[in-house]
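Chain residues, written in single-letter form:
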Amino acid sequence: MSNSHPLSRLRLATVGLALAAGLSLTQGAIAQEKTLRIAMTAADIPRTLGQPDQGFEGNRFTGIPMYDGLTAWDLSKEEAPSVLIAGLATSWTVDAKDKTKWIFKLRPNVKFHDGSSFNADAVVWNVRKVLDKDAPHFDASQVGVTASRMPTLRTARKIDDMTVELTTSEPDAFLPINLTNLFMASPSHWQKKFDATPATQAAPDRIRAAWGAFAADASGTGPFRMTRLVPRERLELAANKGYWDPKRVPKIDRVVLVPMPEASARTAALLSNQVDWIEAPAPDAMAQMRQRGYKVYFNPQPHVWPWQLSFAEGSPWLDKKVRQAANLCVDRTGLLKLLSGMMGIPKGTVAPSHPWWGGPKFDIVYDPAAAQKLMTEAGHSAAKPLKVKVQISASGSGQMQPLPMNEFVQQSLKQCFFDVQFDVVEWNTLFTNWRKGVKDPSANGANAINVSFSAMDPFFAMVRFTSTKTFPPVSNNWGYFGNDEFDKLIANARGAFDDKARDVALAKLHARIVEEAPFVWIAHDVGPRAMSAKVKGVVQPKSWFIDIATMSME
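About the cut-offs
Residues numbered from 1 in each chain as written. Predicted model: local features only at pLDDT ≥ 70, side-chain atom pairs only at ≥ 80, totals over all residues. Heavy atoms only, no water. Helix = DSSP H or I, 4+ residues; strand = E, 2+ residues; numbered from the N terminus. Rg over C-alpha atoms; globule rule 2.2 N^0.38 Å. Buried < 20%, exposed > 50% of the residue type's maximum accessible area, 1.4 Å probe, protein only. Contact = heavy atoms within 4.5 Å. Areas by Shrake-Rupley, 256 points an atom, 1.4 Å probe, with all protein chains shown as cover. Lys, Arg positive; Asp, Glu negative; His and termini not counted. Charge placed at Lys NZ, Arg CZ, Asp CG, Glu CD. Pairing = 2+ DSSP bridges. Axes fitted to C-alpha atoms, helices over the stretch in contact; angles between N-to-C directions. Salt bridge = Lys/Arg side-chain N within 4 Å of Asp/Glu carboxyl O. Disulfide = S-S within 2.5 Å. 1 Å grid on protein atoms, 1.4 Å probe; cavity = no way out; pocket = protein on both sides within 12 Å on 5 of 7 lines; lining within 4 Å. Points joined across faces, edges and corners; volume = space filled by probe spheres on them. Nonpolar A, V, L, I, M, F, W, Y, C, P; charged D, E, K, R; others polar. pLDDT = per-residue confidence, 0-100.

### Focus: the overall build of the protein
- A count of helices and strands for the protein gives 18 helices and 21 strands.
- Against the 2.2 N^0.38 benchmark of 24 Å for 554 residues, the protein shows a C-alpha radius of gyration of 23 Å, consistent with a compact globule.
- Principal-axis analysis of the C-alpha atoms places the extent of the protein at approximately 70 × 60 × 50 Å.
- Here the protein, with 554 residues, has 60% of them falling under the buried criterion.
- Look at the contacts in the protein between residues 6 or more apart in sequence, and 70% of them connect residues 24 or more apart.
- For the protein, the exposed area adds up to about 20,900 Å²; of that, 54% sits on carbon and sulfur atoms.
- The centroid of the 64 positive side-chain charges in the protein is displaced by 2 Å from the centroid of its 54 negative side-chain charges.

### Brief notes about the sheet that holds strand β12 (residues 295-297)
- Ordered in space as β8-β9-β10-β1-β11-β19-β12, the seven strands form an open sheet in which the pairing is mixed. At either margin of the open sheet sits one strand with a lone partner, and together these are β8 (224-230) and β12. Between one strand axis and the next, the sheet turns through 20 degrees on average, direction left out of account.
- Summarising the sheet, strand β1 (residues 35-40) and strand β11 (residues 277-279) pair through two bridges and their orientation is parallel.

### Considerations on the pattern of salt bridges
- Going through the model one piece at a time under the given rule, you end up with 32 salt bridges.
- A salt bridge links D276 to K534; its shortest N-O distance comes to 3.9 Å. You can see D276 sitting in the loop between α9 (263-271) and β11 and its partner K534 sitting in the loop between β19 (529-531) and β20 (535-536), a full 258 residues away along the chain.
- With relative accessibility at 0%, the residue D276 sits in the buried group.
- With its nearest N and O atoms 2.7 Å apart, the salt bridge here joins R529 to E279. With R529 in strand β19 and E279 in strand β11, this pair connects stretches of sequence that are 250 residues apart.
- Given the relative accessible area of 2%, R529 is considered buried.
- A relative accessible area of 4% places E279 in the buried class.
- What emerges from the salt-bridge pattern is a single network uniting K320, R323, E485, R512, E515 and E516.

### Notes on the state of the cysteines
- Applying the stated criterion across every chain, the model contains one disulfide.
- The disulfide bridge from C329 ends at C416, spanning 1.9 Å between sulfur atoms. Since a negative S-S torsion denotes a left-handed disulfide, the C329-C416 link at about 85 degrees is right-handed. Here C329 is found in helix α11 (residues 320-329), whereas its partner C416 is found in the loop between α14 (402-414) and β15 (418-425), with 87 residues between them in sequence.
- Owing to a relative accessible area of 0%, C329 belongs among the buried residues under this scheme.
- When its relative accessible area of 0% is taken as the criterion, C416 is described as buried.

### Notes on the layout of surface pockets
- A volume near 1,100 Å³ is recorded for the largest pocket.
- Lining the largest pocket are 41 residues, and of these P81, S82, H354, W356 and M456 sit closest to its centre.
- Those elements giving two or more residues to the lining of the largest pocket turn out to be β4 (89-94), α6 (175-178) and α18 (499-516).
- Along the lines of polarity and charge, the residues of the lining of the largest pocket split into 26 nonpolar, eight polar and seven charged.
- What the second largest pocket holds in volume is close to 480 Å³.
- A72, W73, I85, R248 and D547 are the residues nearest the centre of the second largest pocket, which is lined by 25 residues in total.

### Concerning the sheet that holds strand β6 (residues 153-160)
- One open sheet holds the four strands; their spatial order is β4-β5-β7-β6, and the pairing between them is antiparallel. The open sheet has two edge strands, β4 and β6, and neither has a second partner. For this sheet, the mean inter-axis angle between neighbouring strands, taken without regard to orientation, is 20 degrees.
- Sheet strands touched by helix α4 (residues 120-131): β5 (101-106), β6 and β7 (163-168). Its angle to β6, the strand with the most contacts, is close to 160 degrees.

### A word on empty space enclosed by the protein
- Tallied over the full model, the rule gives three cavities of 30 Å³ or more.
- In this structure, the largest cavity encloses a volume near 190 Å³.
- Tallied by class, residues from the lining of the largest cavity come to nine nonpolar, eight polar and five charged.
- The space that makes up the second largest cavity amounts to roughly 100 Å³.
- Considering the residues around the second largest cavity, the lining is formed by 13 residues, among which F56, F431, S452, F453 and S454 are closest to the centre.

### Thoughts on the confidence of the model for the protein
- Chain-level statistics for the protein give a pLDDT mean of 93 and a share of 94% at 70 or above.
- Per-residue pLDDT stays below 50 along residues 1-18; that stretch engages in 23 contacts with residues further than four places along the chain or on separate chains.

### Notes on unusual backbone geometry
- Between P472 and P473 the backbone carries a cis peptide bond, its omega angle lying at 5 degrees.
- One non-glycine residue, A280, lies in positive phi territory at about 45 degrees.
- For A280, the location among the structural elements is in the loop between β11 and α10 (286-291).
- Positive phi, normally seen in glycine, also occurs at Y480, with a value near 60 degrees.
- Among the secondary structure elements, Y480 is positioned in the loop between α16 (458-466) and α17 (484-494).

Structure representation (structure tokens):
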């Protein structure tokens with residue numbers, strides 16, 4: 001690791017504490033309201049214009065609270081996995097004769113925060129904002145975080161005010177799930193921002209300016225509306241008392257979001273009552289937090305913390321023996337102790353109890369002797385270690401505790417003749433590089449990348465990493481893994497519109513992924529977060545997401 005790490009940590013901690021101090025200055029002004037203050041792991045406020053960045057922490061804190069999609073995740077249960085539910089669409093069906101066409105029936109009487117109506121025109125407008133380069137409101141800056149999450153969606157067509165037809169490039173049973181990532185922004189509100197730009201400007205400049213103005217004064221349909229944004233410092237939201245779902249009309253008056261990327265800074269802010277909620281608390285402080293009356297919430301969730309490996313020419317990971325050796329050489333039980341129990345030990349992308357498991361022939365266990373044997377067969381030894389370089393972050397959405405975790409894995413792999421180096425970059429930079437791929441200069445010589453990912457659905461869990469159709473920049477197949485066999489397995493799963501048949505197809509795909517090992521599976525996240533006891537009604541689902549709208553404050 002770079003010698004600058006201690007300085008970087010000190011700098012991040014200082015910044016985080018300064019932000020928290022600034023936050024505390026406003027407490028008197030908002031004391032009469034029920035205000036929830038949250039410290040995120042992100043180094044900046046996720047984008048507010050409808051399609052968040054900062055990974056899925058953006059969806060969690062500026063997507064789901066401020067916006068809705070046509071479909072959504074059920075976040076109301078702790079014991080059962082989150083399932084897909086209706087959002088701004090009340091129902092959807094695929095055409096029996098042409099499975100590239102879907103009909104979505106829309107929810108009536110929904111209003112955007114600016115008072116304009118949600119309807120089929122709004123859906124078409126929001127699809128075009130990221131897929132139609134000729135649209136007068138197309139925004140290239142939103143494409144990367146959107147199109148890569150729904151790569152088969154091609155067009156939207158209005159049938160009537162409450163009905164739209166969506167078309168895909170191929171039969172794709174995953175589309176309704178993917179649409180949880182397309183948030184509906186107000187066309188009317190954006191148009192007002194556009195009309196306010198100087199008519200003398202060139203059209204592209206006016207469009208960019210309008211989106212910038214929209215981001216500073218956003219309008220969605222969600223349970224919270226935006227009231228104030230200070231980039232890199234804070235985002236303030238207020239309850240939308242006219243929200244369409246009575247069960248999710250907020251009881252909390254205001255939410256204040258603060259970026260605080262350093263775990264120790266977040267922990268100090270919580271213990272000093274400068275915030276009420278922190279993501280990913282420092283593991284060594286959890287006992288102290290509990291003793292002081294704070295509550296630590298966690299739950300096993302479909303979220304994977306891996307190294308994703310390169311299959312580009314010259315990569316040290318091209319030999320399957322090397323890939324399997326790395327998976328056998330990680331002391332995950334030791335890592336579990338380092339994290340005070342706040343992780344799950346993976347056997348693959350999904351657990352053996354999951355319907356997509358498939359019974360792979362390669363068993364991911366801790367067996368350094370077997371790993372050493374594989375590495376010896378591959379031509380490596382203590383005297384001739386294999387050099388690998390991993391691009392990682394110092395913090396970020398879903399990244400858990402990336403510096404100590406990666407340092408632990410580095411030492412664990414050393415006994416199996418791996419010489420691991422790291423390239424540490426800022427989280428949002430890493431996330432952007434993830435879409436650019438290993439062949440892009442942004443990889444900076446790395447042949448693996450450490451980006452955690454959601455495994456809630458087939459596309460996010462498996463397809464985007466193993467299809468030749470998702471090579472960069474289409475989606476997140478950073479390492480260019482894939483071949484005809486995997487493309488056929490994926491097509492079989494995508495074309496299975498019956499749930500049981502789809503599970504069978506996905507199980508075959510998962511088994512082959514584990515056997516070929518395009519990842520080093522290191523941990524499954526359990527999403528720890530610590531909160532003041534004043535925060536009530538907290539449901540920590542088996543999901544990467546959580547619903548603020550149903551919470552309350554004492």
